[in-house]
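# Structural overview for review
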Amino acid sequence: MGIGTRLSKLGRMSDEHFGFINTPTYRGSTVLFKTLDDLEHGRARYTYGTAGSPTVESLESAWTSLTGAAGTVLCPSGLGAVAMALLSTLKQGDHLLVPDSVYVPTRALCSGFLARFGIETTFYDPLLGGDLERLIKANTSTIFLESPGSQTFEIQDVPRITEFASRRGIKTIIDNTWATPLLFCAHEHGCDVAVEAGTKYLSGHSDLLLGLVSARAQAWPALKKTHQSMAMLPGPEDCSLALRGMRTLHIRLKEAQTRGLEMARWLQAQPEVATLLHPAFPSCPGHALWKRDFKGSSGVFSVILRPGFTRERLADMLDHLSIFGMGYSWGGFESLIIPFDCREYRTATRWNPEGFALRLQIGLEEPDDLKADLRAGLDRLSAPGSAAEDR
Ligand SMILES: *Cc1c(COP(=O)(O)O)cnc(C)c1O
């Protein structure tokens, strides 16, 4: 069945809910048992709020089928899902490899929280292909991947890395948020565990926080057990909203792709833009791998501006945009823009573009309006000012 049909059918339990199409939003902690015997043997489909409900189960089972995994657990945020995935494969004394282009809060989790528990992280160049031999230690247990990289969009050679890891019994976890399972099949490309910040495209409306972690058979029991030990669950309303978002995910992603490509092409032609970092364009590091492995692109990408503009000019550009909002996250219906600078924290690679860098999320507004908003902003950026200002 095609993706639209699958997204329409997945996770539905209408027969158990009087024929209603959507699984109701079950709120609840206690589940009552009928007899002492049932209670003592946990003999019930649902036993307690933290152990699952029909709402949670609908979303989990839909995601498991969509990703082709053995199982899925849900977390209250994308970062929570990253933490859950890592805690399921790591133990005290282990060594972990993480790409230098990783989502910054993931970096902080590894070098802060995990370090406190005796787990050592080495950050690696996301573009080193499968050449990880020299980075491996006897205690390396997990390789983390994120492709494309946050903000800078480097595409990793996922099949080579997962093949390298599986030969050595090392587990692989990928943060697949940008592509979603629709544009990149993480488990088919060898990843043991895949994380999705459902906050982004699955939600699609900037109104919920959610994380999903799917695992292949060999990584599933540990993931399930870790999740049970912590009982870190999203609320039932958020699960219902995610199920609602899932039904239109393919349509919204297709629009994100079309509009993202149109805006990227337009930006590339503006004289203030020096480099386009969009996986579907040859100027993006790893573009050939994107072409080989991905089924498309979503609507988030970056540009590096020509050098020479001042921070004041940049502020003038960004402060007065009328459609683009400035704020974190993405995947919603609205367009966003943020400046970023990786110089302070990168350790394995050098990030040193000469101009300012901007990340854009293209929403569902009319592209012509978006172009006019950005063009007016770029005019403010490049307007001639005092000699001191334009130094
Ligand atoms: C946003 C994001 C997360 C975290 O999701 P939250 O729900 O905001 O915690 C994790 N990874 C990537 C790549 C993201 O873009």
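Here's a quick rundown of the structure. (Residues numbered from 1 in each chain as written. Predicted model: local features only at pLDDT ≥ 70, side-chain atom pairs only at ≥ 80, totals over all residues. Heavy atoms only, no water.)

Further remarks concern the overall build of the protein. The secondary structure content of the protein amounts to 13 helices and eleven strands. Based on the C-alpha atoms only, the size of the protein along its principal axes is roughly 85 × 50 × 35 Å. Taken across its 391 residues, the protein has 56% of its residues classed as buried. When the accessible surface of the protein is split by element, carbon and sulfur atoms take 54% of a total near 17300 Å². Averaged over its 40 positive side-chain charges, the protein has a centre that lies 4 Å from the centre of its 43 negative ones. (Helix = DSSP H or I, 4+ residues; strand = E, 2+ residues; numbered from the N terminus. Buried < 20%, exposed > 50% of the residue type's maximum accessible area, 1.4 Å probe, protein only. Areas by Shrake-Rupley, 256 points an atom, 1.4 Å probe, with all protein chains shown as cover. Lys, Arg positive; Asp, Glu negative; His and termini not counted. Charge placed at Lys NZ, Arg CZ, Asp CG, Glu CD.)

On to the pairing of strand β6 (residues 193-197), then. Burial of β6 is extensive: five of the five residues sit out of reach of the surface. Side chains of β6 alternate between two faces, with Val193, Val195 and Ala197 and Ala194 and Glu196 buried alike. Relative to β6, strand β5 (residues 171-175) runs parallel, the two being bridged by three bridges. The partner of Ile173 across the bridge, within β6, is Val193. Sheet analysis places β6 next to strand β7 (residues 211-215), joined by five bridges and oriented antiparallel. Looking across to β7, one finds that Val195 is bridged to Val213. (Pairing = 2+ DSSP bridges.)

Taken together, the seven strands give an open sheet; going across it, the order is β1-β7-β6-β5-β4-β2-β3, and neighbouring strands pair in mixed fashion. The open sheet has two edge strands with one neighbour each: β1 (71-75) and β3 (120-124). Ignoring which end each strand starts from, the neighbouring axes of this sheet average 20° apart. Contacting β1, β2 (95-99), β4 (140-146), β5, β6 and β7, helix α4 (residues 78-89) runs over the sheet at an angle of about 165° to β6. Contacts from helix α6 (residues 158-167) reach β3, β4 and β5 within the one sheet, and its direction differs from that of β4 by about 170°. (Axes fitted to C-alpha atoms, helices over the stretch in contact; angles between N-to-C directions. Contact = heavy atoms within 4.5 Å.)

On to α6, then. All of the buried residues in α6 are Val158, Ile161, Thr162, Phe164 and Ala165. Angular distribution of buried residues about the axis of α6 spans 160°; they occupy a single face of the element. Across from the buried face of α6, at angles greater than 90 degrees, the exposed residues are Ser166 and Arg167. On its buried face, α6 is in contact with β3, β4 and β5. Immediately beyond the C-terminal end of α6, within one or two residues, lies Gly169, with a positive phi of roughly 70°. (Arc of directions from axis to C-beta.)

A separate point is the packing of helix α10 (residues 249-268) against helix α13 (residues 367-382). Interhelical geometry of α10 versus α13 gives an angle of 35° and a closest axis separation of 11 Å. Note on packing geometry: the crossing formed by α10 with α13 is right-handed. In contact with Arg259, Glu262, Met263, Trp266 and Leu267 of α10, α13 contributes Pro367, Leu370, Lys371, Leu374 and Arg375. Of the residues that constitute the contact of α10 with α13, the class distribution is six nonpolar, no polar and four charged. (Left-handed = near helix turned anticlockwise from the far one by under 90°. Nonpolar A, V, L, I, M, F, W, Y, C, P; charged D, E, K, R; others polar.)

Right, let's get into the site of the ligand. What surrounds the ligand is a group of 13 residues, the closest being Gly78, Leu79, Asp175, Thr199 and Lys200. The side chain of Lys200 places a nitrogen or oxygen atom 2.5 Å from an oxygen atom of the ligand. Summarising the interface, the protein chains cover 90% of the accessible area of the ligand, which totals 380 Å² for the free molecule. The residue inventory of the shell around the ligand, partitioned by class, reads five nonpolar, five polar and three charged. (Near = heavy atom within 4 Å. Polar contact = N/O pair within 3.5 Å; in protein donor to acceptor, adjacent residues only side chain to side chain.)

Before going further, it helps to examine the pattern of salt bridges. Counting across every chain of the model gives 19 salt bridges. In this structure, the salt-bridge partner of Asp379 is Arg375, at a minimum N-O distance of 2.6 Å. Of the two residues, Asp379 and Arg375 are both situated in helix α13; the distance of four residues between them amounts to about one turn of the helix. Overlapping salt bridges bring together Glu16, Arg45 and Glu57 as one network. (Salt bridge = Lys/Arg side-chain N within 4 Å of Asp/Glu carboxyl O.)

Further remarks concern the pairing of β7. Burial runs high along β7: five of the five residues are buried. Alternating residues of β7 divide into Gly211, Val213 and Ala215 and Leu212 and Ser214, and every residue in both groups is buried. Relative to β7, β1 is paired through five bridges, and the arrangement is antiparallel. By the bridge assignment for β7, Cys75 is matched with Gly211.

The terminal C-alpha atoms of helix α3 (residues 54-67), which comprises 14 residues, lie 20 Å apart, in line with the 20 Å expected from a rise of 1.5 Å per residue. Counting buried residues along α3, eleven of its 14 residues qualify, which places the element largely inside the surrounding structure. Residues of α3 that are buried sit in contact with α1 (3-9), β1, α7 (180-183), β6, β7 and α9 (236-247). Of the residues one or two after α3, Gly68 is the one with positive phi, at around 70°. (Expected span 1.5 Å × (residues − 1).)

Let's shift gears to the side chain of Ser298. Along the polypeptide, Ser298 turns up in the loop between α11 (287-293) and β9 (300-305). The exposure class of Ser298 is buried, given its relative accessible area of 0%. Here Trp178 takes part through its backbone oxygen, which lies 2.9 Å from a polar atom of the side chain of Ser298. Residues in contact with Ser298, not counting those within four places in the same chain, are Trp178, Leu183, Tyr201, Leu253, Ala256, Gln257 and His278.

In spatial order, the strands read β8-β9-β11-β10; together these four strands make up an open sheet with antiparallel pairing. Each having just a single partner strand, β8 (273-277) and β10 (336-340) make up the two edges of the open sheet. Taken pair by pair, the neighbouring strands of this sheet meet at an average axis angle of 25°, ignoring direction. Bridge analysis of β10 against strand β11 (residues 357-361) gives five bridges, and the strand direction is antiparallel. The residue of β11 that forms the bridge with Pro339 is Leu358.

Geometric descriptors of this kind do not, in isolation, establish any biological role.
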